[in-house]
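# Chains, contacts and geometry: an overview
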Amino acid sequence: MLFRLALSNIKNRIRDYIVLLTGLVMSSAIFYMFANLATNEDFIKTNASFKFAVPVFYFGEVLLAIITFIYVMYANSFLLNMRLHDYGLFMMLGAKKRRVGSLMVLETLTVGVIATALGLVLGVALTGGISGLLFDHLGIVLHHFNPFYLKALLTTVLLYLILFVIAAIFNLQSLIRTPVLKLLNQTDSVDKIKVRGFGLFFSGILGVVLVGIGYYVLHEIVVFQLMAIPIALVTIVLGSYLIFRSSMTLIIHWLKGTGWARHKLNNFTLSQIMFRIRDYTKILTITSLLFALALGAITVGSGFNRQIDWMAKMSSSYTLAVNNPTTQEQKLMTQLTGTKIVSYDQKFVGKNVIYNEDQFVQNPFMVVKYEKAKDGTVKAPKTVPISVQKLKSDVNDQLDFLGLAGRTGVEPSFQKTNQFNQINANNNSVSVITVKNIGVNRDVLTKLNNLQNKAHPQESISGIGVGSFQAYLVISSMYGGLEFIGYFLGIAFLAMLASCLMFKILSGTRQDAIRYNLLSKVGTRRSLLRQSINREIFVLFAVPGILGIVDVLFGLQMFKPILDKPYYNIQYPILIFIGLYLIYYFLTTWLYKLIVLPKKKK
Amino acid sequence: MNNQAIVSVSDLHKTYGGKNEKQYEALKGINFDVQPGEFVGIMGASGSGKTTLLNMLATLDRPTSGSVKINDQDVTKLKGNKIADFRANEIGFIFQDFNLLETLTAEENIALPLSLQGVRRSAINQAVNAVATTLSIEDLLKKYPTELSGGQKQRVAAARAIVHKPALLLGDEPTGALDSNSARELLELLTDINQKQGVSVLLVTHDPFSASFCDRILFIKDGVIGQELKRNGDSRTEFYQNILEKLGTFEQ
């Protein structure tokens, strides 16, 4: 009978259950995505060729498990609040506490099992979809990677099983301790906020110090080695928590004292944020950390991406040389973007390849010039023109130039136009292609490269030194795995963070709906209510976002030993990230308004 | 008299239920006026339509037909922002369950209607302090609603309802959640506000004790106003007896 009651309750509150399940499903799906990489040691060892790779993933897994734990606890208290009244009612009607308790455990576990099962299905689909997209986009092939990975599946199931059993025990405890009357008359009481200036100030300072220590160990990762990561995790998490607790309370308290607060709904908005911040401190800390992890992962991923282009360009002054381009090849060449194509005539006589010197005066050949910056690091490679004289004098050192022949064992030489035209040999030509961005033109370049290899099979020259595209192919097979991991984790963390924050905000709508309804009754314009909601949620999104960005800026120090320039062009990943984050913001405000704003009268 | 009335309700009908649903007529043609400075009670049993009527007056709901004029303005014709502004400027509410925002202190709750109108900060502070003195709640201003008793909460709610000097004060069972002492205090307070500040009060209640503080009582039953009872200078106790007698016959 009670079981049927529980079922009918789910039917009545389907919307709440959908919110709850969506949140849990997302969380388990994302945990699976992460576990798929993290538990796959073969994959990590083959693809992440830096020495911290396995422990970094291990720490990541522990961290995500902790986040998932807090997330499940939130979801659970949401579920409990939803059901407490009914449990009280059952008991009032004479159901035994034991009976109600077992019903509650059953319900919690059922929700857990359904959520985990759905989450795993979604997780496999997401892993497959996102990795497929990334492979397509990055043009890499990975070994030992499979969207369906049993070890990850079992890890996820085990973790969620443990979490939900703990949740059920918590629920049982609070049910046993709460008297029936209180269960029936559950009201949302809001604790008074005591602003103790000194204590808050002190904890704020402590927070800043802790975060500072975290940043310092990341900066000195060479000194602290592996210990840097757990130290930074603990100090930054704790520090962020204290900063949120104190600084936001102090700032809002100060703002409430100003005249601005007395204007329209400002005071209400501030109070909402103030109460939220306290209630949300944990989730905001998590969010800022996830934000940092996601942004960091994407930045590092794109760092490796840039590294590939950059290192490839260092190996050669041009991208690809095409000997005797056919019409098909010429058509392909027009499809390239950001290109510079220079054509030189060639005549092969015996063991010699003869070039027209005047063409080299008109369009000088380019070579890579390596420069060291003052601090000893290598500067971005520059290509500079080389004079014909220089080319003649150290021709054997100019591998790029030698490569233009398209075959080995020929000696280059130069003739003026007149003499060149009189040479009795077939007219050949070579087109030297230079593109700004190899990654963007990867597909067309691959086709050209394949056609060239087919046309001159016996003369294919091994390895690096004949166009940077060859180098690109070699390096991208080395770094592609890291790039993939970066983007993949970035997306996973972003999804986790957004669903965490969204879930927490939406789970508070029940009380908020009452407040907005009341405000509307005392004559608040709808536009003002909307504005207040937009601002409130904006602050809740922006604050962890800002702290997350700061975390990333410092956290990238950690990658200095393995990435050439971790901060190069950092604004782009940040901007892209903010864009994605904003989409979540708009989605949340939209859903929130849908739930809390009183319905418009027809 | 009619054009001077602060509230003028004529031929008000309200039918619930859509075209294909079961129809239910909650109000079946209500007519009455409230003169400026009057303290009027509306009494009726559960389901008599008194809450529906109050919702119409408060622009929280729209009538099916008929008109409600408050301060010579037909409130049934208002739309969107006009409704919000009308509520913010012309009427004050006191609800049975207080409806204070628990995230704001008493002071901030009281200041809310003025903040919404964009009144300057100094003027707001002045008005809030003035109304707090009138209602003797100066000590409660810095407290949050959860720290207040029911009676105190309702005083704060009353302060919020009159701080912007509305033309009409609407009360929906304001004593419903109070103990008898707090209830008496609140009703005395409302009488005081009515007499000293000249605010018209319209009280919806089913409690004869609350009603005995009014000047005039309209009895509503099954969607129509059945009877009217005037105080005519009787003492409150005498009026209370009259109400009880009237109720005894009216509800039969």
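That block above? That's the structure.
Just so it is clear, the model here is predicted, and its values are computed rather than measured.

## Things to note about the overall build of chain A
Tallying secondary structure elements over chain A gives 21 helices and seven strands in all. By residue count, 51% of the 602 residues in chain A fall in the buried class. Within chain A, residue pairs in contact and separated by at least 24 positions form 84% of the contacts whose partners lie at least 6 positions apart. Entry remark: accessible area of chain A is about 28600 Å², with carbon and sulfur atoms responsible for 64%.

## Description of the side chain of A:R515
All names here are of chain A. Position of R515 among the secondary structure elements: in helix α19 (residues 509-521). Overall, the relative accessible area of 10% leaves R515 in the buried class. A polar contact of 3.0 Å, which involves the side chain of R515, links it to the side chain of D512.

## Notes on the interface of chain B and chain A
Of the residues lining the interface, 31 residues belong to chain B; the matching set on chain A comes to 32 residues. Across the chain B to chain A interface the summed buried area is about 2900 Å²; carbon plus sulfur atoms make up 57%. Counting every contact that joins chain B to chain A gives one salt bridge. Taking the shortest distance from any N to any O, the salt bridge between A:R525 and B:D85 comes out at 2.4 Å. Contributing elements (two or more residues each) for the side of chain B that touches chain A: α2 (80-90), α3 (106-116) and α4 (121-134) of chain B. With six residues, α3(B) is the single largest residue contributor to the side of chain B that touches chain A. When its residues are assigned to classes, the side of chain B that touches chain A shows 13 nonpolar, eight polar and 10 charged.

## Details of the sheet that holds strand β7 (residues 168-172) of chain B
Residues and elements named next belong to chain B. Spatially, β6-β7-β8-β3-β9-β10 is the arrangement adopted by the six strands of the open sheet, whose pairing is mixed. The strands lining the two open edges of the sheet, one partner per strand, are β6 (91-94) and β10 (224-230). Each strand of the sheet is rotated relative to its neighbour by a mean of 20 degrees, with strand direction disregarded. Contacting β6 and β7, α2 runs over the sheet at an angle of about 75 degrees to β6. Where helix α6 (residues 180-197) meets the sheet, its contacts fall on β3 (39-43), β6, β7 and β8 (200-205), and the angle it forms with β8 comes to roughly 150 degrees.

## A short note on the environment of A:G207
Residue and element names in this part refer to chain A. Position of G207 relative to the elements: it lies in helix α8 (residues 197-219). Along the primary structure G207 and F244 are separated by 37 residues, whereas in three dimensions their C-alpha atoms are 8.7 Å apart. Excluding residues within four positions of it along the chain, G207 makes contact with G239, L242 and I243.

## Thoughts on the packing of aromatic side chains
One pair of aromatic rings is described through two measures. These are the centre distance and the angle between the planes. Throughout the structure, instances matching the rule amount to 17 aromatic pairs over all chains. Consider the rings of A:F268 and A:Y516, whose centres lie 5.7 Å apart with planes at 85 degrees: the pair is edge-to-face. With A:F268 in helix α11 (residues 266-315) and A:Y516 in helix α19, this pair connects stretches of sequence that are 248 residues apart. Taken as a pair, A:F268 and A:Y516 share a single burial class, namely buried. An angle of 75 degrees between the planes, with centres 5.7 Å apart, marks the rings of A:F541 and A:Y585 as edge-to-face. Here A:Y585 lies in helix α21 (residues 571-596) and A:F541 lies in helix α20 (residues 526-555), a separation of 44 residues in the sequence. Relative accessible area serves as the criterion here: at 7%, A:Y585 is assigned to the buried category. The rings of A:F538, A:F541, A:Y581, A:Y585 and A:F586 are connected pair by pair, giving a single aromatic cluster. The ring of A:F420 has A:K347 lying over it, and the distance from NZ or CZ to the ring centre is 4.9 Å. The lysine or arginine in question, B:R236, covers the ring of B:F213, its NZ or CZ lying 4.7 Å from the ring centre.

## Here's the deal with the sheet that holds strand β2 (residues 339-349) of chain A
Hydrogen bonds between backbone atoms are what pair the strands of a sheet, whose relative direction is either parallel or antiparallel. Residues and elements named next belong to chain A. Taken together, the five strands give an open sheet; going across it, the order is β1-β7-β2-β3-β6, and neighbouring strands pair in mixed fashion. This sheet does not close on itself; its edge strands, each paired only once, are β1 (320-323) and β6 (411-415). When strand polarity is set aside, the average angle formed by the axes of neighbouring strands in this sheet is 30 degrees. Along the sheet, helix α12 (residues 327-334) makes contact with β1, β2 and β7 (428-435), crossing β1 at roughly 150 degrees. Contacting β1 and β7, helix α17 (residues 442-455) crosses the sheet at an angle of about 45 degrees to β1.

## Side note on the pattern of salt bridges
Residues and elements named next belong to chain B. Scanning the model with the defined rule gives 10 salt bridges over all chains in all. Here K77 makes a salt bridge to D74, at a shortest N to O gap of 3.3 Å. A relative accessible area of 61% means that K77 is categorised as exposed. For D74, a relative accessible area of 19% puts it in the buried group.

## Notes on a nonpolar patch on the surface
Residues and elements named next belong to chain A. On the surface, a cluster of nonpolar side chains totalling about 520 Å² of accessible area is made up of Y216, V222, V223, F224 and M227. Per-element accounting of the nonpolar patch gives the leading share, three residues, to helix α9 (residues 221-224). You can see V223 is positioned in helix α9. Assessed through its relative accessible area of 59%, V223 is described here as exposed.

## Digging into the packing of helix α10 (residues 228-256) of chain A against α20(A)
Residue and element names in this part refer to chain A. Between α10 and α20, whose axes approach to 12 Å, the crossing angle comes to 140 degrees. In terms of orientation, α10 and α20 fall into the oblique class. Taken as a pair, α10 and α20 cross one another with a handedness that is right-handed. Mapping the contact onto sequence places I236, S240, F244 and M248 in α10 and V539, V543, P544, L547 and D551 in α20.

## As for helix α1 (residues 50-57) of chain B
Residues and elements named next belong to chain B. Among the eight residues that make up α1, six are buried, leaving the element largely enclosed by the rest of the structure. Among all positions of α1, only K50, T52, L53, L54, M56 and L57 are buried. T59 sits one or two residues past α1 and shows a positive phi near 60 degrees.

The rules behind each value
- Sequence positions are assigned chain by chain, starting from 1 and proceeding in written order.
- Going through the entries in the order they are written, you letter the chains from A and number the ligands from 1.
- In view of the model being predicted, local features appear only for residues whose pLDDT reaches at least 70, and side-chain atom pairs are presented and counted only at 80 or more, with totals across whole chains, interfaces and linings using the full set of residues.
- Side-chain metrics in this entry use all non-hydrogen atoms of the structure; hydrogen atoms and water are not considered.
- Secondary structure elements are taken from DSSP: a helix is a run of H or I of four residues or more, a strand is a run of E of two residues or more, and numbering for both begins at the N terminus.
- Partly exposed residues are those whose accessible area sits between 20% and 50% of the maximum for their type, while under 20% is buried and over 50% is exposed, using a 1.4 Å probe and protein chains only.
- The contact rule is simple, with two residues in contact once any of their heavy atoms fall within 4.5 Å.
- Note on areas: these come from Shrake-Rupley sampling with a 1.4 Å probe, and a residue is covered only by the protein chains present in the view.
- We define a polar contact as two N or O atoms separated by no more than 3.5 Å, with the added condition that, inside protein, one atom must be a possible hydrogen donor and the other a possible acceptor, whereas residues neighbouring each other in sequence contribute only through side-chain atom pairs.
- Accessible surface is computed with a 1.4 Å probe, and the buried area is the amount of it that two parts give up when combined, taken over both parts together.
- Think of a salt bridge as a Lys or Arg side-chain nitrogen and an Asp or Glu carboxyl oxygen that are within 4 Å of each other.
- Note on residue classes: Ala, Val, Leu, Ile, Met, Phe, Trp, Tyr, Cys and Pro are nonpolar, Asp, Glu, Lys and Arg are charged, and everything else, Gly too, is polar.
- Pairing between two strands is assigned when DSSP locates at least 2 bridges connecting them.
- For every element, the axis is a line fit to its C-alpha atoms; helices are fit only across the contacting stretch, and the angle between N-to-C directions ranges from 0 to 180 degrees.
- Under the pairing criterion, centres of Phe, Tyr and Trp rings, with the six-membered ring standing for Trp, must be within 6.5 Å; the plane angle then separates stacked pairs below 30 degrees from edge-to-face pairs above 60, leaving the rest tilted.
- In our convention, an over-ring charge means Lys NZ or Arg CZ found within 6 Å of a ring centre and within 35 degrees of that ring's normal.
- Patch membership is restricted to residues that have no salt bridge and whose relative accessible area is over 30%. Joining uses 9 Å for like charges and 5 Å for the nonpolar side chains Val, Leu, Ile, Met, Phe, Trp and Tyr.
- Should an angle fall under 35 degrees it is called roughly parallel, over 145 degrees roughly antiparallel, and 65 to 115 degrees roughly perpendicular, with every other angle called oblique.
- Here a crossing is taken to be left-handed if its near helix is turned anticlockwise relative to the far helix by less than a right angle, and right-handed if that turn runs clockwise.

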